[in-house]
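As a plain string of letters, each chain reads:
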Amino acid sequence: GTDVKAHFGPTNARVRYHLGLDVPEGNIYLAIGDGMYRWQEGQTLAFDDAYIHAVKHEADAPRGVLVVDVYHPELTSEERQLLEDLEA
């Protein structure tokens, strides 16, 4: 399996969703801040990407997780537009 070292996103303007698609048995989890969360097939984990997070994967089989980013719900429409303009 593949571990992902601890890192954090550049801004808290988004919420990141992880949907477990194919999660093998084993010591596989997402560490966010001081918590550890195991993916479950068909269920989502949602977190603020600005918090430090990492992945631990101690299993032979690969994991399948769909990652989707959405705007933080407290952003105003003007803030969202500014972010879209920056990415254009």
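The structure displayed is predicted, hence computed values, not measured ones. (Residues numbered from 1 in each chain as written. Predicted model: local features only at pLDDT ≥ 70, side-chain atom pairs only at ≥ 80, totals over all residues. Heavy atoms only, no water.)

1. A short note on the nonpolar core
Moving on, step 1. Of all hydrophobic cores here, the largest spans nine residues; its members are Val23, Ile28, Leu30, Ile32, Trp39, Leu45, Phe47, Val55 and Ala59.
Moving on, step 2. Secondary-structure elements contributing two or more residues to this core are β3 (27-32) and β5 (44-48).
Moving on, step 3. Looking at this core, the element that brings in the most residues is β3, giving three residues. (Core = buried A, V, L, I, M, F, W, Y, C linked by side-chain atoms within 4.5 Å. Buried < 20%, exposed > 50% of the residue type's maximum accessible area, 1.4 Å probe, protein only. Helix = DSSP H or I, 4+ residues; strand = E, 2+ residues; numbered from the N terminus.)

2. Focus: the sheet that holds strand β6 (residues 53-58)
Moving on, step 1. Pairing is antiparallel in the open sheet, where four strands are placed in the order β1-β6-β3-β4. The two strands at the open ends of the sheet, each matched to only one other strand, are β1 (4-7) and β4 (35-37). Adjacent strand axes in the sheet meet at a mean angle of 25 degrees, parallel and antiparallel pairs treated alike.
Moving on, step 2. Sheet topology note: the β3/β6 ladder contains six bridges and is antiparallel. Opposite Leu30, over in β6, you have Val55 as the bridge partner. (Pairing = 2+ DSSP bridges. Axes fitted to C-alpha atoms, helices over the stretch in contact; angles between N-to-C directions.)

3. Re a nonpolar patch on the surface
Moving on, step 1. On the surface, Tyr17, Leu21, Leu66, Val68 and Val70 cluster together to form a nonpolar patch covering roughly 400 Å² of accessible area.
Moving on, step 2. Broken down by secondary-structure element, the contributors of at least two residues to the nonpolar patch are β2 (14-22) and β7 (64-71).
Moving on, step 3. With three residues, the top contributor of residues to the nonpolar patch is β7.
Moving on, step 4. Relative to the helices and strands, Leu21 resides in strand β2. (Patch = residues over 30% accessible without salt bridge, like charges linked within 9 Å, V, L, I, M, F, W, Y side chains within 5 Å. Areas by Shrake-Rupley, 256 points an atom, 1.4 Å probe, with all protein chains shown as cover. Salt bridge = Lys/Arg side-chain N within 4 Å of Asp/Glu carboxyl O.)

4. Looking at the environment of Leu19
Moving on, step 1. Relative to the helices and strands, Leu19 is located in strand β2.
Moving on, step 2. Taking the relative accessible area as the measure of exposure, Leu19 reaches 25% and is therefore partly exposed.
Moving on, step 3. Each C-alpha atom of the pair Leu19 and Gln43 lies 5.7 Å from the other, and the pair is 24 residues apart in sequence.
Moving on, step 4. Setting aside its immediate chain neighbours within four residues, Leu19 contacts Gly42, Gln43, Thr44, Gly64, Val65 and Leu66. (Contact = heavy atoms within 4.5 Å.)

5. With respect to the sheet that holds β5
Moving on, step 1. The three strands lie next to each other as β5-β2-β7, forming an open sheet whose pairing is antiparallel. Strands at the two margins of the open sheet, each flanked by one partner only, are β5 and β7. Each strand of the sheet is rotated relative to its neighbour by a mean of 20 degrees, with strand direction disregarded.
Moving on, step 2. The pairing of β2 with β7 spans eight bridges and is classified as antiparallel. Bridge pairing in β7 links Asp22 to Gly64.

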